[in-house]
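Descriptive analysis of the structure
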Amino acid sequence: RAFSHRRASTPAAFASHKMDAPSEFASADPSSTVNMILKKAKTNLGKRTLMKKAPKLVEKDGKMCIMLHGGKSSQVLKNLVTDLAVMKKGECHKMTKKNDGIRPFEGGGETSLEFYAQKADAGAFVLGTDQKKRPDCLTVGRFFDYHLFDMVELLVKDYKGIREFGATGNQAVAGSRPCMVFVGDRFETEPGLKLAKNILLDVFRGRPASRINLKGVDRVIVLTALEDKVMFRQCAIKFKKSGTRMPKVELHEMGPSFDFTLGRTQQAPSDVKKQAYAKAKSGKKIKNVSQDSLEGKVGRIYVEKQQGLEDMAYMKMKGLKRERRQAAEEREDAKKRKALEGKGGKGEDDGDDDDA
């Protein structure tokens, strides 16, 4: 389901810093991200701008993502992060300098990452690191209230960039919403891949929309879970004439294309997850009305007891008429027998009187 990050609890503008800050911010004191210089809005325009960044239960904008590299990175990761930035064009901040102090899985290593999240007003991040134990490691995660929420490590293999596929994806509009397909039971049975599916879907889903035009769906991201790896493919959607109202759909791979295995994962704390997954109330609660997953809107109606229903003329069936006729005949026969028995008893009484 869609995950909505919450922005800072106090609408305020932070002191000006460049996004590509030097690596000395990585070794800064953790309290520096909390005790930052705050400024109040002096004009109405500044106040409206800050109110747009205030926390909301329903976020109507797409999730901003920061893409950066750790202390060591490979050329494969640099090219891959560049391609992912192209896929998220308009909703990402790509940083080119190295950041030695960013180690999100270690205690205190997320300080600089959270600082950049505050500066960019970001709800997700993509971090590329290359180590001896974990070569070509891509860490994807999310923020909540500008603090690290959850993340997964993707160990990349067999990477192919967008340039290797030529002009296949030229018709795809940059920044458009992709269609995402997850193939394989492992995405529902394994907790690690289930978390990876949730994060990737949240990062690449784009701006929420109530209606979708078929011609605007120009690319699809397909993730296939095999026994030993997961395949990440992006394809361009081509609509061809089919002679009917529905067009013929063809898929052409456009890149980036890579395989990955799952590394370390970090779930969100249960109490923080409850706050992050909070849903806005849909309005005033209506009495005796509830929502059901199968039947939809279900209501309970109270009706007063009706009077005079016994006297109403209902449609009679032929079978019921036959039963009534037989019952009436039986009643007539019973009356006749009773009348005959009454006459016989009276005649006997008259004979007794004559004898006397």
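An account of the accompanying structure is given in this report. (Residues numbered from 1 in each chain as written. Predicted model: local features only at pLDDT ≥ 70, side-chain atom pairs only at ≥ 80, totals over all residues. Heavy atoms only, no water.)

A few words now on the overall build of the chain. When helices and strands are tallied, the chain shows seven helices and 14 strands. In the chain, which comprises 356 residues, the share counted as buried stands at 34%. By sequence separation, contacts in the chain at least 24 residues apart represent 71% of the contacts at least 6 residues apart. (Helix = DSSP H or I, 4+ residues; strand = E, 2+ residues; numbered from the N terminus. Buried < 20%, exposed > 50% of the residue type's maximum accessible area, 1.4 Å probe, protein only. Contact = heavy atoms within 4.5 Å.)

What follows is about the nonpolar core. With 34 residues, the main nonpolar core has M67, L84, L138, V140, F204 and L223 as its most contacted residues. Here this core takes seven residues from helix 5 (residues 191-204), the largest share from any one element. Of all hydrophobic cores here, the second largest spans 16 residues; its members include L68, F115, F143 and Y146. (Core = buried A, V, L, I, M, F, W, Y, C linked by side-chain atoms within 4.5 Å.)

Together, L214, F239, M246, V249 and L251 give the surface a local cluster of nonpolar side chains, amounting to about 490 Å² of exposed area. Along the chain, L251 turns up in strand 11 (residues 248-253). (Patch = residues over 30% accessible without salt bridge, like charges linked within 9 Å, V, L, I, M, F, W, Y side chains within 5 Å. Areas by Shrake-Rupley, 256 points an atom, 1.4 Å probe, with all protein chains shown as cover. Salt bridge = Lys/Arg side-chain N within 4 Å of Asp/Glu carboxyl O.)

Here we take up the environment of K88. Tracing the backbone shows K88 in the loop between helix 2 (75-87) and strand 4 (92-98). Considering only alpha carbons, one finds K88 and R205, 117 residues apart in sequence, at a separation of 9.5 Å. Contacts of K88, omitting those with residues within four sequence positions, involve K63, C65, M67, V203 and F204.

Scanning the entire structure with this criterion turns up eight aromatic pairs. With a centroid separation of 4.7 Å and an interplanar angle of 15°, the aromatic rings of F232 and F258 are classed as stacked. Here F232 is found in strand 10 (residues 230-240), whereas its partner F258 is found in strand 12 (residues 257-266), with 26 residues between them in sequence. Since its relative accessible area comes to 2%, F258 is described here as buried. Here the aromatic cluster, defined as three or more aromatic residues joined through ring pairs, consists of F204, F232, F258 and F260. One residue, R264, lies across the ring of F105, its end atom 4.5 Å from the ring centre. (Phe/Tyr/Trp six-rings, centres within 6.5 Å; stacked < 30°, edge-to-face > 60°. Lys NZ or Arg CZ within 6 Å of the ring centre and 35° of its normal.)

A few words on helix 5. The α-helix advances 3.6 residues per turn, and as a result positions three or four apart in sequence lie on the same side. Look at helix 5: 20 Å from first C-alpha to last across 14 residues, which is about the 20 Å you get at 1.5 Å a residue. Burial analysis of helix 5 places ten of its 14 residues in the buried class, which makes it a mostly covered element. Every buried residue of helix 5 is listed here: G192, L193, L195, A196, N198, I199, L200, D202, V203 and F204. Count one or two residues on from helix 5 and you reach G206, which has phi positive near 80°. (Expected span 1.5 Å × (residues − 1).)

So, about the pattern of salt bridges. Under the criterion given, the structure shown has 13 salt bridges. K88 is the partner of E91 in a salt bridge, and the nearest nitrogen-oxygen pair spans 3.3 Å. A salt bridge links R186 to E190; the nearest nitrogen and oxygen atoms lie 2.9 Å apart. The exposure class assigned to E190 is partly exposed, which follows from its relative accessible area of 31%.

Locating S176 in the fold gives a position in the loop between strand 7 (147-160) and strand 8 (179-183). A polar contact is formed between the side chain of S176 and the side chain of D218, at a distance of 3.1 Å. Ignoring sequence-local partners within four residues, the contact set of S176 consists of D218 and R219. (Polar contact = N/O pair within 3.5 Å; in protein donor to acceptor, adjacent residues only side chain to side chain.)

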